[in-house]
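A look at the structure
Each chain is listed here by its residues.
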Amino acid sequence: MHVFDLQLSTFTLSIFKSLFLNVTVTAILVALAWFKNGLFRALSIAVIYLRHSIDRKSIILVWVDKRSLTEKLASRLERTLEENFRVVPLRSPEQLFRFPQNRNITRAVILMVTDVTKLSEVEERRERIQDWLKEYVLKGGGLVGGHDIIYRRTRNTVLEEIFGGRLLEFSRMEKVRYAKNPGEESVIFRDLPEEFELDDGEIVWGKWNDDVRILFKTPVPDSKPLVTFREYGLGRILWINSFDDREGYENPISKNDSNFMSLIRNAILLVSRQSQSERDILIIGHRGFSGKYPENTVLAFIKALNAGADGVELDVWLSKDGKAVVFHDSTLQRFTGNPTPVKDLTLNELKNVHMGAGQTIPSLEEVLKVIPHDTFLNIEIKDREAVEEVLEVLRENDVKNVVLTSFDVEILRDLKESGENFRSGLLKTMDGTLELVEMREKFSETLLLARELGLWCIVIPIESALQVSPDRFKEFLRRLRVAGLKIFFWAYADENFYRKSMLESLKSLYDGVITDHPERMKEFLNAG
């Protein structure tokens, strides 16, 4: 009996040892697998940061629930978007975890759904994906979703919260007609007609929050939302009705529909822009991206916006034949050695002046035709005779997000007397600014002038901050703010923006900077 008990105890102990060993090995394998995945993700993100530091390209992530369509859409977007974007196709939504949630690197995520589907069949994974997206958007990321991504059967409840809507009903139709919502202004309308058709085969609709903007809808009388936009946290979200997948209907990706590709491209441009709630300081490209490209040219303006500028500053004269032309100097001396005044030449004659990089002197109307409609514009009027033509061009192009500035008070007075409802601003030299800082009488006169002319802003050189004590300059800025004026800095030399940590010390006391190098300024302000 004693021997039997001993054998039984030995047998029982061996079983427990075996179980313990199996459990331990399993736990170790699971831990290693988790560590391996976590390490792989960390390495992936590190590689992406390194690559971004080298090529300076932001990432657009694309997923369609059909692999072939993902590849097609990513490839076409890569060709359509500007050179500072890199479009990456995802094999599955779970690959999102391999990318940083830094919106400066991962600029936008595109999730297009061709049929009612789920981000993942596994609920836990689906929730993790949605949580990643929510955190990304809250940090300032851009998200574009298509069609059924928030339909009631997808069970993507977190995405419903982010998009601000829930789709409950659907209707079959041969074509879906998209009509611009009257009164809306957005980059989403760029290169698109007021109405166009897509072979979607179906529309879906439901309930939307009050803060959701309807950009496109079906024509009256139905007027069902087809494209919606919302700001959530620091991020931007856009939903597009497209991407039903039905037999007999060619998907707009497969078809390579030009209106559809313009719509997706514009959606990316819209959601990838930094919102004003994320950064209160406007970055304005001085004569465009003049530190790198020929100043006051179409190329310089486009490059400034691509580099992250919120808007551009440009200068306007009136040509001999009455056109508003974009040029800084009063003569051509600096560019051609010819002292002929700009005002003495026609637009066609000015077109013969080569600014570099294949660029010529543009008219104001040319510039307005090529930059996004909602771009912030700071137009400095150099020539009093140009006031009427500038106002006419702005009216004809329905430009609203603009401020008209000048060193010449009489030009600002003409703007006020025109009765037009455009914002205006007073430009000051360094000597003129120091007069305001040092002389209380001059400051009071300027405030009276600001009220008389209804000025929106004052634009002063950053160098003036170097000439007086920090406390005195800050008090000067505070008094301008109390008077209701926006404050913008310009510079005789861009390097002066970064001297003695001035911009950091003046934080919250100014509203924007006009810089030759918007990309550098953006990095500087974001780092601060």
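Criteria and thresholds
- Residues numbered from 1 in each chain as written.
- Predicted model: local features only at pLDDT ≥ 70, side-chain atom pairs only at ≥ 80, totals over all residues.
- Heavy atoms only, no water.
- Axes fitted to C-alpha atoms, helices over the stretch in contact; angles between N-to-C directions.
- Helix = DSSP H or I, 4+ residues; strand = E, 2+ residues; numbered from the N terminus.
- Parallel < 35°, antiparallel > 145°, perpendicular 65-115°, else oblique.
- Left-handed = near helix turned anticlockwise from the far one by under 90°.
- Contact = heavy atoms within 4.5 Å.
- Nonpolar A, V, L, I, M, F, W, Y, C, P; charged D, E, K, R; others polar.
- Salt bridge = Lys/Arg side-chain N within 4 Å of Asp/Glu carboxyl O.
- Phe/Tyr/Trp six-rings, centres within 6.5 Å; stacked < 30°, edge-to-face > 60°.
- Lys NZ or Arg CZ within 6 Å of the ring centre and 35° of its normal.
- Pairing = 2+ DSSP bridges.

**Describing the packing of helix H14 (residues 440–453) against helix H15 (residues 470–482)**
- One can describe the packing of H14 onto H15 by two numbers: an axis separation of 11 Å at closest approach and a directional angle of 25°. Overall, the two elements H14 and H15 adopt an arrangement that is roughly parallel. Once H14 is placed against H15, the crossing between them reads as right-handed. Judged by residue contacts, Arg440, Phe443 and Leu447 of H14 engage Phe476, Arg479 and Leu480 from H15.
- Counted by class, the contact of H14 with H15 contains four nonpolar, no polar and two charged residues.

**As for the pattern of salt bridges**
- Following the criterion strictly, the structure yields 31 salt bridges and no others.
- For Arg177, the salt bridge goes to Glu197, with nearest N and O atoms at 3.5 Å. Residue Arg177 is found in strand E6 (residues 176–180), and its partner Glu197 is found in strand E7 (residues 195–198); the two are separated by 20 residues along the sequence.
- In this structure, Lys343 and Asp383 form a salt bridge, with 3.6 Å as the shortest nitrogen-oxygen distance.

**Re the side chain of Asn378**
- Mapped onto the elements, Asn378 comes out in strand E19 (residues 376–381).
- When sequence neighbours within four positions are dropped, the list of residues in contact with Asn378 reads Ile284, Val312, Glu313, Leu314, Val403, Thr405 and Ile514.

**Re the packing of aromatic side chains**
- Taken as a whole and assessed by the stated rule, the structure comprises 19 aromatic pairs.
- A centroid spacing of 5.9 Å and a plane angle of 70° characterise the contact between Phe443 and Phe476, whose relative ring orientation is edge-to-face. Pair noted here: Phe443 is in helix H14 and Phe476 is in helix H15, with a separation of 33 residues, a long-range link.
- Ring pairs connect the aromatic residues Phe443, Phe473, Phe476, Phe489 and Tyr510, which therefore count as one cluster.
- One residue, Arg423, lies across the ring of Trp456, its end atom 4.4 Å from the ring centre.

**A few points about the sheet that holds strand E4 (residues 142–146)**
- Pairing in this open sheet of nine strands is mixed, and the strands run E2-E1-E3-E4-E11-E10-E9-E6-E7 from one edge to the other. Among the strands making up the open sheet, the edge pair consists of strand E2 (85–89) and E7. Within the sheet, the average angular offset between the axes of one strand and its neighbour, ignoring direction, is 20°.
- Pairing geometry for strand E9 (residues 213–217) and strand E10 (residues 225–232), over four bridges, is antiparallel. Paired with Ile214 across the strands is Thr228, a residue of E10.
- Sitting on the sheet, helix H2 (residues 67–80) is in contact with strand E1 (58–64), E2 and strand E3 (106–112), with an inclination near 150° to E1.
- Here helix H6 (residues 258–272) sits on the sheet in contact with E1, E2, E3, E4, E6, E7, E9, E10 and strand E11 (235–240), set at roughly 160° to E11.

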